[in-house]
Amino acid sequence: MSKTRRYDQYCPVCHALDLVGERWSLVIVRELLKGPKRYTDLIDGMPGVGTNILAARLRDLEAGGIVQKRKLPPPAASTVYELTDYGRELEEPLYALARWGARSLPPPAANEDFYPDWGLNAFAALLDPEAARGVAETYVVRVADDVYTVRLADSKVHVEAEAADHADLDFATDQETFVAMASGSLDPRAALAEGRVTVQKGKPAGLARFFSVFNFEHRAQVAV
């Protein structure tokens, strides 16, 4: 790889940080977990990254066998970046890091929005496979201006950035309330009573069941 090694230890943690420890590297992985992206798509999804930095990080990730380029067939005929099989193995470590960070992440400020397409990663990161066991339901989740359909079956989740026509539960809330319910600091029943969330379809009891499956509170309890 072109960059200078920062560690002089034979250690898998040091080696992993050599591969993805530079600023923006894991954010690129986060974006590519949603699927292949053009260079311009990555720029749009990563506000604040410089084009020279993005180009350098992509080169490093390619050299490390984490990212690869692919030319789309006509009529698109554009180049996209995508994760290799090795790169896709970062999914659970990245989600584990997200859950760890979420435990000390404050509520969003008035001038802060969730990053674009946040839900395409967030629900997989929040999923508690044990709580989801035996649950097969479809949810429409509306957070501020973002709308996602979350399909759950056999402890696996599939997310689409649109509203399904049919759902077991369809609810709407704001960003701060969603984070509070996912963290366990706000009981969904209290949020309903206070008018901070509205159930547009389905039974209100389904809201508590949703956040018993999609949350990071249980990870915090295990870690204590």
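Residues numbered from 1 in each chain as written. Predicted model: local features only at pLDDT ≥ 70, side-chain atom pairs only at ≥ 80, totals over all residues. Heavy atoms only, no water.

**A few points about the side chain of Ser155**
Topologically, Ser155 is positioned in the loop between β4 (146–153) and β5 (156–160). A distance of 3.0 Å separates a polar side-chain atom of Ser155 from the backbone oxygen of Pro129. Setting aside residues up to four positions removed in sequence, Ser155 forms contacts with Leu127, Pro129, Ala132 and Arg133. (Helix = DSSP H or I, 4+ residues; strand = E, 2+ residues; numbered from the N terminus. Polar contact = N/O pair within 3.5 Å; in protein donor to acceptor, adjacent residues only side chain to side chain. Contact = heavy atoms within 4.5 Å.)

**Some details on the pattern of salt bridges**
Under the criterion given, the structure shown has 13 salt bridges. Put simply, Arg57 and Glu22 hold a salt bridge, and the shortest N to O gap is 3.7 Å. Remark: Glu22 occurs in the loop between α1 (12–20) and α2 (25–32) and Arg57 occurs in helix α4 (residues 51–63); sequence separation between them is 35 residues. The partner of Arg99 in a salt bridge is Glu92, with the nearest N and O atoms 2.4 Å apart. Residue Arg99 is classed as buried on the basis of its relative accessible area, which comes to 10%. Residue class for Glu92 comes out partly exposed when judged on its relative accessible area of 43%. Each of the salt bridges in this network shares a partner with another, and the network as a whole consists of Arg30, Glu31 and Lys34. (Salt bridge = Lys/Arg side-chain N within 4 Å of Asp/Glu carboxyl O. Buried < 20%, exposed > 50% of the residue type's maximum accessible area, 1.4 Å probe, protein only.)

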